[in-house]
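Structural overview for review
Listed below, chain by chain, are the residues.
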Amino acid sequence: MPKFEVVPILELIRETPTTMTYRFRGDFGGQPGQFLMVWIPRYDELPMAISYLGAVKGITVHDYGDATHAFAAFSAGDRIGIRGPYGNAFRLEGEKVLAVGGGSGMASMIAAIEAFSQQGAQLVTAAGAKTAAELLFVERANASGEVHIATDDGSRGFAGFVPALAEKLVDREKFDQILTCGPERMMKAVVDLARAHKIPIQASLERYMKCGIGICDACSLDDQLVCVDGPIFTAEQLGGFEEFGKFRRDKSGRRIPA
Amino acid sequence: MVDLRTEIAGVRLRNPTMLASGFLDETGGSMARVFESGAGAVVTKSIGPQPREGYPNPTIVELDAGLLNAVGLPNPGIVEYAHEVKRAQKGGAVIIGSVFGKDADEFARVAAKMASYGVRAIELNLSCPHVKGAGTEIAQDAGAVRDFTRAVKDAVSLPVFPKLSPNVQDIASFAVAAEEGGADGIVAINTVKAMAIVPELKMPFLANKFGGLSGPAIRPIGVRAVYDICEKVHIPVVGVGGVGSGRDALEYIMAGACAVQVGTAIIPKGIAVFEEITKEMASLLEEAGFGSVSEAIGVAHA
């Protein structure tokens, strides 16, 4: 059955100078890590991670292009189209879990961080951003466990990239599961780290999408589709991909550097 | 055991299912995976001379009746696409190259390049704008169908299969025009022109406003088209439109098609659909006393 509905935005929450959360009612279920295809009428339809589960859902959007910029000017009461939820979910396996988020990648992981914590796992989050102002969902992560911060400019916490911070944490204590979401080259570094320490990892990937339902082939990575086989992949899967961390595809399907 | 092998103008297939153009065929990795999962052949995304982004989203909408899409021919361009064909060939896939262009010359040039990559046949996507036709498609001008087919035939030494549009008065006359142009086979049908509006937003769903409908709703339209075409031409026909089961495939086969293409059924069933169709077709043929697919081709024409 088609899973499309038009919903009014209940609330907009400015999270950082470049990210906004949109809350709306949606009784379509959804699991941590899944995404929605969100139609911003007159602009575009884009895949977006579900950052709040429950009856009042949420998506948290990084303003990076024309459509997301227009979306940032929407108000409560404005309507959007949503279909989904699509894709696989984070497997909530592990007693001691490290979540490594880069920038708006935290939006894809925060629901999983909360779900892990609710089922009793011990959570450590390493959240990175360019600057302190761009840190996302630090308070929510803090409510679910320990949080460590990295900023590229050193304005808060560890001065440097978040994979380097994650490496310190992994050297310090033993984790039995790692989650990661963020820029692909950052995730590549985290996946390599997990592999070197033989810790299972789940990485949530992002690709340009048209359909979201496994037919258009716009989001493919080697022979896997980010929309239906992912967006979450394990180290074993990622290790077999030639394109992970190297190539993505533009709207025409041309391979371009990741 | 029912013999499922079939042949279209010399192109031999291990079974009569083919991946329809526009589905999971922008990348070589996906085409190889679909072939490995059981398709008899894969048809590439329609490839043009230059990279094209296609229309903005929304480009697809799932309706009760089927899938409505207006993707706008996105493709990486024929030069870049060599990489994808090569990748699919590594997986052993039987590949049919779908091409389009703005005029007969461009069609011929892209087809020749595609042929040089080692595909087994060329499919012509004629449902693109006809520069001389003021808003109509090439597929809606029988003279253009004949001339474009001839131009491509002159440029390649592979079998050429024009894909016909159902958005015409009499599709069989277009098949006749294609045959006059030297076509080695016919693919029918492309999507049915359609539209969906979102009442809550007071606007069409698709960014392009209208698009093409595929899926179960158009199967009877496709079966009728194939039946008609088979009465008028002597070249093989490939049936496409709403095939999602072995029974659906047999409708087309009995209408006269020697193979079928599958696309929209991938949404509910995944790529396992090819094997599912093949198995169901085999058991239905066996029950009906057929020893092979080829014995069943066209039997509905009494």
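Just so it is clear, the model here is predicted, and its values are computed rather than measured. (Residues numbered from 1 in each chain as written. Chains lettered and ligands numbered in written order. Predicted model: local features only at pLDDT ≥ 70, side-chain atom pairs only at ≥ 80, totals over all residues.)

**Structural notes on the interface of chain A and chain B**
With 23 residues of chain A at the contact, the number on the chain B side is 32 residues. Listing elements by their share of the side of chain A that touches chain B, those giving two or more residues are strand 5 (44-52) and strand 7 (79-86) of chain A. (Contact = placed C-beta atoms within 7 Å. Helix = DSSP H or I, 4+ residues; strand = E, 2+ residues; numbered from the N terminus.)

**Let's talk about the environment of B:Gly40**
Here B:Gly40 is to be found in the loop between helix 1 (28-36) and strand 4 (41-43). Beyond its immediate sequence surroundings of up to four residues, B:Gly40 is in contact with B:Leu13, B:Arg14, B:Asn15, B:Pro16, B:Thr17, B:Met18, B:Val94 and B:Ala259.

**Let's talk about the sheet that holds strand 13 (residues 201-204) of chain A**
Residues and elements named next belong to chain A. Reading across the sheet, the seven strands line up as 11-10-9-8-12-13-16 and stay open at both edges, with mixed pairing between neighbours. What marks the edges here is a single partner per strand, and that holds for strand 11 (158-159) and strand 16 (232-234). Sheet topology note: the strand 13/strand 16 ladder contains three bridges and is antiparallel. Looking at strand 16, one finds that Ser 204 is bridged to Ile 232. (Pairing = 2+ DSSP bridges.)

**Re the pairing of strand 7 of chain A**
All names here are of chain A. Extensive coverage of strand 7 is indicated by the burial of seven of its eight residues. In terms of strand pairing, strand 1 (residues 4-8) meets strand 7 through five bridges, oriented antiparallel. Its bridge partner being in strand 7, Pro 8 is matched across the sheet by Arg 79. Both strand 4 (residues 35-40) and strand 7 contribute to a ladder of four bridges, which runs antiparallel. Looking at strand 7, one finds that Met 37 is bridged to Arg 83. (Buried ≥ 20, exposed ≤ 12 C-beta atoms within 10 Å, placed from the backbone.)

**Quick look at the packing of helix 5 (residues 171-180) of chain B against helix 6 (residues 219-232) of chain B**
Between two packed helices, both the angle of their axes relative to each other and the distance between the axes serve to describe the pair. All names here are of chain B. Between helix 5 and helix 6, the shortest axis-to-axis distance is 8 Å and the interhelical angle comes to 45 degrees. Relative to helix 6, helix 5 is oriented oblique. Between helix 5 and helix 6 lies a crossing of right-handed hand. When helix 5 is examined against helix 6, the residues Ile 171, Ala 172, Ala 175 and Val 176 are found in contact with a partner set consisting of Ala 225, Asp 228, Ile 229, Glu 231 and Lys 232. Split into classes, the residues belonging to the contact of helix 5 with helix 6 amount to six nonpolar, no polar and three charged. (Axes fitted to C-alpha atoms, helices over the stretch in contact; angles between N-to-C directions. Parallel < 35°, antiparallel > 145°, perpendicular 65-115°, else oblique. Left-handed = near helix turned anticlockwise from the far one by under 90°. Nonpolar A, V, L, I, M, F, W, Y, C, P; charged D, E, K, R; others polar.)

**Concerning the sheet that holds strand 1 of chain A**
Residues and elements named next belong to chain A. Reading across from one edge, 1-7-4-5-6-3-2 is the order of the seven strands in this open sheet, with antiparallel pairing throughout. In this open sheet, the two strands that pair with only one neighbour each are strand 1 and strand 2 (11-16). Strand-to-strand twist in this sheet, taken as the mean axis angle between neighbours without regard to direction, amounts to 35 degrees. Contacts from helix 2 (residues 106-118) reach strand 5 and strand 6 (56-62) within the one sheet, and its direction differs from that of strand 5 by about 35 degrees.

**Details of the confidence of the model for chain B**
Summarising the model, chain B shows a mean pLDDT of 96, and 98% of its residues fall at 70 or more. Across the whole predicted complex the pTM is 0.95, and at the interface the ipTM reaches 0.92. (pLDDT = per-residue confidence, 0-100.)

**Observations regarding helix 5 (residues 184-196) of chain A**
All names here are of chain A. Taking 1.5 Å of rise per residue, 13 residues should cover 18 Å, and helix 5 covers 18 Å from first to last C-alpha, within 8% of that figure. Listed as buried for helix 5 are Glu 184, Met 186, Met 187, Ala 189, Val 190, Val 191, Leu 193 and Ala 194. Residues of helix 5 that are buried sit in contact with strand 8 (96-102), helix 4 (162-172), strand 12 (177-181), strand 13 and helix 6 (235-239). Once helix 5 finishes, Lys 198 follows within two positions and takes phi at roughly 55 degrees, a positive value. (Expected span 1.5 Å × (residues − 1).)

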